[in-house]
Structure formats: C-alpha cells, structure tokens
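# Architecture at a glance
Listed below are the residues making up each chain.
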Amino acid sequence: MEKTDRKQQQAELATQIKKLIKAIDLRPKDPQQYYALGMLLTKSQQYSQAEELFKRAINFF
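Now for a description of the structure that goes with this document.

### With respect to the pattern of salt bridges
Using the criterion set out here, one finds 3 salt bridges in the structure. For Arg27, the salt bridge identified is with Asp30, shortest N-O distance 2.3 Å. By relative accessible area, Arg27 is classed as partly exposed at 48%. In this structure Asp30 comes out as buried when scored by relative accessible area, which is 15%. A salt bridge links Lys55 to Glu51; the shortest N-O distance between them is 3.7 Å. Highlighted residues: Lys55 and Glu51, both in helix 3 (residues 47–59), separated by 4 residues, approximately one helical turn. For Glu51, a relative accessible area of 43% translates into the label partly exposed.

### Comments concerning the side chain of Asp30
Considering the arrangement of structural elements, one finds Asp30 in the loop between helix 1 (2–26) and helix 2 (31–43). A polar contact is formed between the side chain of Asp30 and the side chain of Arg27, at a distance of 2.3 Å.

### Let's talk about the packing of aromatic side chains
Enumeration according to the criterion identifies 2 aromatic pairs in this entry. Ring centres of Tyr35 and Phe54 lie 5.7 Å apart, and the angle between their planes is 50 degrees; on these two criteria the pair is classed as tilted. Note that Tyr35 is positioned in helix 2 and Phe54 in helix 3, a separation of 19 residues in sequence. The exposure class assigned to Phe54 is partly exposed, which follows from its relative accessible area of 22%.

Rules used in this analysis
Residues numbered from 1 in each chain as written. Predicted model: local features only at pLDDT ≥ 70, side-chain atom pairs only at ≥ 80, totals over all residues. Heavy atoms only, no water. Salt bridge = Lys/Arg side-chain N within 4 Å of Asp/Glu carboxyl O. Buried < 20%, exposed > 50% of the residue type's maximum accessible area, 1.4 Å probe, protein only. Helix = DSSP H or I, 4+ residues; strand = E, 2+ residues; numbered from the N terminus. Polar contact = N/O pair within 3.5 Å; in protein donor to acceptor, adjacent residues only side chain to side chain. Phe/Tyr/Trp six-rings, centres within 6.5 Å; stacked < 30°, edge-to-face > 60°.

Here it is in structure tokens:
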C-alpha cells in the first residue's frame, strides 16, 4: 500500500510541476512561480534544478 501512495504522490507532484512550468511560460517575470516550482523540485529531491529556479527568482527582486 505504501508503494501505491508513493506513486500517487509522485504523479501528483509531476502534475503540479507541469502546471507551474506552463505558468512560468505564460508569465516569465513572476518570481513567485519560480519559487513555487523550486519548492516542488526540492520536495522531489531535484536540488540542482531547484537551486537554479531560486536564483532566477532572486534576480527579479
């Protein structure tokens, strides 16, 4: 049962990541979108990609 829950969480996380990527495409100068995506990537242990997004978000401030 834990595997099913983990797979479901990963699927939901992937869906959220795709939505945020689309949101960034629509509003590329919105730092909140980069931050939110960075947080999701951190949660999914994709640290180097998350770091890049945080750097982009900081550049807008």
